[in-house]
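In case you want the letters, here they are:
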Amino acid sequence: MLRISELHAAYGKANVLHGIELSVEPGQVVCLIGRNGVGKSSTMKAIVGEQITRTRGTVEFEGASLAGLRAHEVIRRGVGYVPEDRRVFASLTVLENLLVPRRVTHPDRHLWSVDEVFRLFPQLHDYRHRRAGVMSGGEQQMLSIARSLLTCPKLLLLDEPHEGLAPKVAEEVVDAILALKGEGVSMVISEQALNTVRRCADRVFVIDRGMTVWSGSVDEFYADPQITQKYLMVQ
Ligand SMILES: Nc1ncnc2c1ncn2[C@@H]1O[C@H](COP(=O)(O)OP(=O)(O)OP(=O)(O)O)[C@@H](O)[C@H]1O
Ligand SMILES: [Mg+2]
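A brief report on the enclosed structure follows. (Residues numbered from 1 in each chain as written. Chains lettered and ligands numbered in written order. Predicted model: local features only at pLDDT ≥ 70, side-chain atom pairs only at ≥ 80, totals over all residues.)

### Regarding the overall build of the protein
Regarding its fold elements, the protein presents ten helices and ten strands. C-alpha extents for the protein along the principal axes are approximately 45 × 40 × 35 Å. Looking at the protein as a whole, 41% of its 235 residues qualify as buried. (Helix = DSSP H or I, 4+ residues; strand = E, 2+ residues; numbered from the N terminus. Buried ≥ 20, exposed ≤ 12 C-beta atoms within 10 Å, placed from the backbone.)

### Overview of the sheet that holds strand S1 (residues 2-11)
One open sheet accounts for four strands, arranged S2-S1-S4-S5; its pairing is antiparallel. Where the open sheet ends on each side, the last strands, each with one partner, are strand S2 (14-24) and strand S5 (64-65). Two elements, strand S4 (residues 53-61) and S5, share two bridges in a ladder whose sense is antiparallel. Residue pairing for S5: Phe61 is matched across the bridge by Ala64. Sheet contacts for helix H1 (residues 40-48): S1, S2 and S4; angle to S2, the most-contacted strand, approximately 75 degrees. (Pairing = 2+ DSSP bridges. Contact = placed C-beta atoms within 7 Å. Axes fitted to C-alpha atoms, helices over the stretch in contact; angles between N-to-C directions.)

### What about unusual backbone geometry?
Here Cys152, not a glycine, exhibits a phi torsion of approximately 55 degrees, which is positive. By the C-beta count within 10 Å, which is 20 here, Cys152 ends up buried. At Arg209, a position not held by glycine, the phi torsion is positive, near 40 degrees. Mapped onto the fold, Arg209 is located in the loop between strand S9 (203-208) and strand S10 (211-217). Looking at Arg209, the number of C-beta atoms within 10 Å reads 15, which means it is partly exposed.

### Considerations on the site of ligand 1
Every residue near ligand 1 is listed here: Tyr11, Ala14, Val16, Gly34, Asn36, Gly37, Val38, Gly39, Lys40, Ser41, Ser42 and Gln51. Listed by contribution, the elements that provide at least two residues to the shell around ligand 1 are S2 and H1. Sorting elements by how many residues they give to the shell around ligand 1 places H1 first, with three residues. In terms of residue class, the shell around ligand 1 is built from four nonpolar, seven polar and one charged. (Near = placed C-beta within 6 Å. Nonpolar A, V, L, I, M, F, W, Y, C, P; charged D, E, K, R; others polar.)

### Points about the environment of Thr212
Following the sequence through the fold, Thr212 ends up in strand S10. As for Thr212 and Val24, which are separated by 188 residues in sequence, their C-alpha atoms are 14 Å apart. Sequence-distant contacts of Thr212, defined by excluding residues within four places in its chain, comprise Gly19, Ile20, Glu21, Leu22, Phe205 and Ile207.

### Regarding helix H7 (residues 167-182)
Helix length check: H7 (16 residues) gives 23 Å between terminal C-alpha atoms against 22 Å at 1.5 Å per residue, within 8%. Residues of H7 that are buried make contact with helix H6 (137-149), strand S8 (186-190) and helix H8 (194-200). Just downstream of H7, Gly184 is the residue with a positive phi angle, here 90 degrees. (Expected span 1.5 Å × (residues − 1).)

### Some details on the sheet that holds S10
Spatially, S6-S7-S8-S3-S9-S10 is the arrangement adopted by the six strands of the open sheet, whose pairing is mixed. Each edge of the open sheet carries a strand with a single partner, namely strand S6 (79-82) and S10. This sheet shows a mean twist of 15 degrees between the axes of neighbouring strands, independent of strand direction. Pairing of strand S7 (residues 155-159) with S8 involves five bridges; the strand directions are parallel. Its bridge partner being in S8, Leu155 is matched across the sheet by Ser186. Sheet strands in contact with H1 are strand S3 (29-33), S6, S7, S8 and S9, and its direction is about 145 degrees off that of S7.

Interpretation note: all reported values are geometric properties and have no functional meaning in isolation.
Given below as C-alpha cells:
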C-alpha cells in the first residue's frame, strides 16, 4: 500500500532524513518509533509533502509515486494525516470542525459520514456544540482523528497521538485506533509509548538519526530487548 525506499529529505539546507525505509500492507498498523528528534514527524511530513522537501528516494502509494504532489492531492489519493499539534479550529464547535474537510468521494473507498464518526466517538457527539478550544487534549485528539476520517483515508498517519495525554485518556485513543483498524483503515503511528505498540502494531520500524535502523514484527521487536535499549532509552 505504502512503500518508501531510500528517502532523503531536508528543511531548506538542513538534511534530516538520510535513508528512510518503510512499508505498509493493506489493513496493517505500523509503528514508527525512535527517540526525540530522530525524524518521525519529518517522515510523515515527507509522505504528505508538507514543509519538508524530498531530495532522494521514492514514496509510492498504491503503486503510484507521490513525487511532486501537494498535500491536498496526497489526501485526495487516500492518505489522511493527523499532525502532532492536532490543528483543531479552537473557535469552532466540534460539529463545525467536522464540516470543514472537503469530502472526497471515490468508488472503492468507504465514505465516512459525520453520523458514523459520532458513532465511533460518542463523546464527540455529546460535545458537538462545544467549542473545540475548550476541550481537553484527549478530546481534541479524537476530534482531529475524526476530522481526518471525513477525507475517507485508506491510510492514516497519526503523529504521536498520545502525546500529553493522561494514561486513561491515552487508553481511549488506543481503543479508537483499534476500532479504526477493525474498520480496515491502515495506519502509520509515530509513537514513544511502548504500550500502544504492543496493543496496536503489526510491524515496527525503528528510526535513528534520520534512518530506518531496524524493522520487524511486534513479536520480533519484543523478543530483542537490546533494540529498545539501543534506540529508545535516553543515553
Ligand atoms: N521546520 C523545521 N525546520 C528545520 N529543522 C526542523 C524542522 N522541523 C524539525 N526539524 C529538525 O529535524 C529533525 C527531526 O525532527 P522531527 O520533528 O522529525 O523528529 P521526531 O522524531 O518527530 O521527534 P519528536 O519525538 O520530538 O517529535 C530534528 O533535528 C529537528 O530539529
Ligand atoms: Mg515528532
